[in-house]
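# Fold and geometry: a report
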Amino acid sequence: MKRRLYYMLPDVRSARAVLDELLLARVEYRRIHFCAKEGTLLADMPEANSMQKTDMVHGAEVGIVIGAVSGFIAASLFLLFPLETIEARIFGFLVAVLMGAVFGSWLSAKSAATIPNASLAPFRERIERGQVLLIVDVPFDRVAEIEKMMEKNHPEIDFGGVDPHIPILS
């Protein structure tokens, strides 16, 4: 189980130092993301991707539920207007529910990809002023260790909170 930690760093130089420390602390490179004003990050720094910057994942999660319910309703027609065999009815029902979930997830994720991530709203103004947001996903049992390390080595950074829900797709 992982937790997502947010830290506001004063500048790119500080962000680079934190990246090095996290890597030395054996935090996986793919679990570290920076969100900064366009064009300010160094080339070797992992920038947050669209899954972290937008509500795409949340949209997909909602779409699965709505699509599955819609598919369930559509699939109920297979029970009202029966096919020849019970196997065909069950197969048609399951396919309709699955297709509804897949289509709903795809459509919702596509539309939510244009919406900025609500979790990043408190940080947007500071990012526009030139600060850098660090997003790091760490195992639950290492959260206290990482927090202590950041407090000890970087008193200039602001702790931005912990997001207990990390989507499976991130």
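Look up: the structure comes first, before these words.
Conventions used here
- Residues numbered from 1 in each chain as written.
- Predicted model: local features only at pLDDT ≥ 70, side-chain atom pairs only at ≥ 80, totals over all residues.
- Heavy atoms only, no water.
- Helix = DSSP H or I, 4+ residues; strand = E, 2+ residues; numbered from the N terminus.
- Buried < 20%, exposed > 50% of the residue type's maximum accessible area, 1.4 Å probe, protein only.
- Contact = heavy atoms within 4.5 Å.
- Areas by Shrake-Rupley, 256 points an atom, 1.4 Å probe, with all protein chains shown as cover.
- Lys, Arg positive; Asp, Glu negative; His and termini not counted.
- Charge placed at Lys NZ, Arg CZ, Asp CG, Glu CD.
- Salt bridge = Lys/Arg side-chain N within 4 Å of Asp/Glu carboxyl O.
- Pairing = 2+ DSSP bridges.
- Axes fitted to C-alpha atoms, helices over the stretch in contact; angles between N-to-C directions.
- Core = buried A, V, L, I, M, F, W, Y, C linked by side-chain atoms within 4.5 Å.

Bringing the overall build of the protein into the picture now. Counting its regular elements, the protein contains 6 helices and 4 strands. Across the protein, helices and strands are ordered from the amino to the carboxyl terminus as β-α-β-α-α-α-α-β-α-β. Buried residues in the protein amount to 39% of all 170 residues. Summarising the internal contacts of the protein: among those between residues at least 6 apart in sequence, 79% fall at separations of at least 24. By element, 65% of the accessible surface of the protein is carried by carbon and sulfur atoms, the whole surface being about 10200 Å². Of the charged side chains in the protein, 18 are positive and 21 negative; the average position of the first set lies 2 Å away from that of the second.

Opposite charge on two side chains makes pairing possible when the charged atoms of those side chains draw close. A complete count under the given rule lists 7 salt bridges for this structure. Its salt-bridge partner being D20, residue R16 comes within 3.2 Å of it at the nearest N-O pair. Remark: D20 and R16 occur in helix α1 (residues 12-24); sequence separation between them is 4 residues, near one turn of the helix. According to the relative accessible area criterion, D20 is partly exposed, its value standing at 33%. Notably, a salt bridge pairs R126 with D158, separated by 2.4 Å at the nearest N-O pair. Residue R126 is found in helix α5 (residues 124-128), and its partner D158 is found in strand β4 (residues 158-163); the two are separated by 32 residues along the sequence. According to the relative accessible area criterion, R126 is partly exposed, its value standing at 23%. In this structure D158 comes out as partly exposed when scored by relative accessible area, which is 35%. In this structure, a network of salt bridges that share partners links the residues R16, D20 and D44.

If you trace the backbone, F159 turns up in strand β4. Sequence-wise, F159 and P116 are 43 residues apart; in three dimensions their C-alpha atoms are separated by 21 Å. Leaving out residues up to four positions away in the same chain, F159 has contacts with L5, Y6, Y7 and E147.

Strands belonging to one sheet form pairs held by backbone hydrogen bonds; the direction of such a pair is parallel or antiparallel. Taken together, the 4 strands give an open sheet; going across it, the order is β2-β3-β1-β4, and neighbouring strands pair in antiparallel fashion. Of all the strands in the sheet, the pair left with one neighbour each is β2 (32-35) and β4. The sheet shows a mean angle of 20° between the axes of neighbouring strands, direction not considered. Where helix α6 (residues 143-153) meets the sheet, its contacts fall on β1 (2-9), β3 (132-139) and β4, and the angle it forms with β1 comes to roughly 10°.

A word on the pairing of β3. On a regular strand, one side chain projects to one face of the sheet and the next to the other, so that they alternate. Within β3, 7 of the 8 residues are buried, which leaves it mostly tucked inside the rest of the structure. With 8 bridges connecting them, β1 and β3 associate as antiparallel partners. In the sheet register, R3 faces β3, and the bridge partner there is V138. As paired elements, β2 and β3 share 4 bridges and run antiparallel to each other.

This brings us to the nonpolar core. Counting 24 residues, the largest nonpolar core has L9, L22, F34, L134 and I146 as its most contacted members. Contributing elements (two or more residues each) for this core: β1, α1, β2, β3 and α6. Ranked by the residues each element gives to this core, the list is headed by α1, at 5 residues. Other than its neighbours up to four places away in sequence, L9 contacts S14, A15, V18, F34, Q131, V132, L134 and I157. Grouped together as the second largest cluster of nonpolar side chains are 9 residues, Y6, M8, F123 and L133 included.

Any link to function would need more than the numbers given here.
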